[in-house]
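# Reading the structure
Next come the chains, spelled out residue by residue.
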Amino acid sequence: MVITPTYRGKILVGYVALVVEGTIRKTCKEMKIEVIDMAVNVDHVHLFIEYPTKYSVSFIAKKIKSRSSRIIRQHFSHLKEWCKGIKIRRM
C-alpha cells in the first residue's frame, strides 16, 4: 500500500516523519494489523502489511490517513499554512 499526502507535498521530513510512522504503527496495532515493512519517504509512505480479512484495503487506508492527518495538523501548525485551501473534515 502506498499512502500519499494531499498534493504529494514533501512534508514527511524530520520529526514529522517520525510522528507519522508512530501514528501508523499505533493505528495498525489497535486494528491487529501486522506491519511487515514500512518506508517513510518525503512525499509518500510504503506499507507492507498483513491484515485480518474483516477489513478492506480501502478501510485500512482511510483509517490510517485520517488519523495521521489529524495528528499531524494538531502538532505541526506550520503545515496548516502550507495547505491553507484544504478543508479539514471533523469526525
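Going by the structure above, here's the rest.
Residues numbered from 1 in each chain as written. Predicted model: local features only at pLDDT ≥ 70, side-chain atom pairs only at ≥ 80, totals over all residues. Heavy atoms only, no water.

## What about the pattern of salt bridges?
- All chains considered together, the criterion is met by three salt bridges.
- A salt bridge links D43 to K10, with the nearest nitrogen and oxygen atoms 3.8 Å apart. Separated by 33 residues along the polypeptide, D43 in the loop between β2 (34-40) and β3 (45-50) and K10 in the loop between β1 (2-3) and α1 (15-30) bring together distant segments of the chain.
- With a shortest N-O distance of 3.2 Å, R25 and E21 are connected by a salt bridge. With R25 and E21 both in helix α1 and four residues apart, this pair spans about one turn of that helix. (Salt bridge = Lys/Arg side-chain N within 4 Å of Asp/Glu carboxyl O. Helix = DSSP H or I, 4+ residues; strand = E, 2+ residues; numbered from the N terminus.)

## Digging into the environment of K32
- Inspection of the secondary structure puts K32 in the loop between α1 and β2.
- Linking K32 and P52, residues 20 residues apart in sequence, is a C-alpha distance of 7.4 Å.

## Observations regarding the nonpolar core
- One finds V20, I24, V45, L47, I60 and I64 to be the most contacted residues of the largest nonpolar core, which totals 20 residues.
- Contributing elements (two or more residues each) for this core: α1, β2, β3 and α2 (57-75).
- Ranked by the residues each element gives to this core, the list is headed by α1, at five residues.
- In this structure V45 touches M1, V2, I3, L12, V20, I24, M38, A39 and V40, once residues within four positions along its chain are discounted. (Core = buried A, V, L, I, M, F, W, Y, C linked by side-chain atoms within 4.5 Å. Buried < 20%, exposed > 50% of the residue type's maximum accessible area, 1.4 Å probe, protein only. Contact = heavy atoms within 4.5 Å.)

## Digging into the packing of α1 against α2
- One can describe the packing of α1 onto α2 by two numbers: an axis separation of 9 Å at closest approach and a directional angle of 140 degrees. Here α1 lies oblique to α2, going by the angle between them. Where α1 crosses over α2, the two elements pack in a sense that is right-handed. Across the interface between the two elements, V16, V19, V20, T23, I24, T27, C28 and E30 from α1 touch K63, I64, R67, S68, I71 and I72 from α2.
- Residues that form the contact of α1 with α2 fall into these classes: eight nonpolar, three polar and three charged. (Axes fitted to C-alpha atoms, helices over the stretch in contact; angles between N-to-C directions. Parallel < 35°, antiparallel > 145°, perpendicular 65-115°, else oblique. Left-handed = near helix turned anticlockwise from the far one by under 90°. Nonpolar A, V, L, I, M, F, W, Y, C, P; charged D, E, K, R; others polar.)

## As for the pairing of β3
- Residues V45, L47 and I49 line the buried face of β3, whereas the alternating positions H46, F48 and E50 sit on a face that is not buried.
- In the sheet, β1 pairs with β3 via two bridges, with the strands oriented antiparallel. Along β3, the bridge assignment pairs V2 with H46.
- In the sheet, β2 pairs with β3 via six bridges, with the strands oriented antiparallel. (Pairing = 2+ DSSP bridges.)

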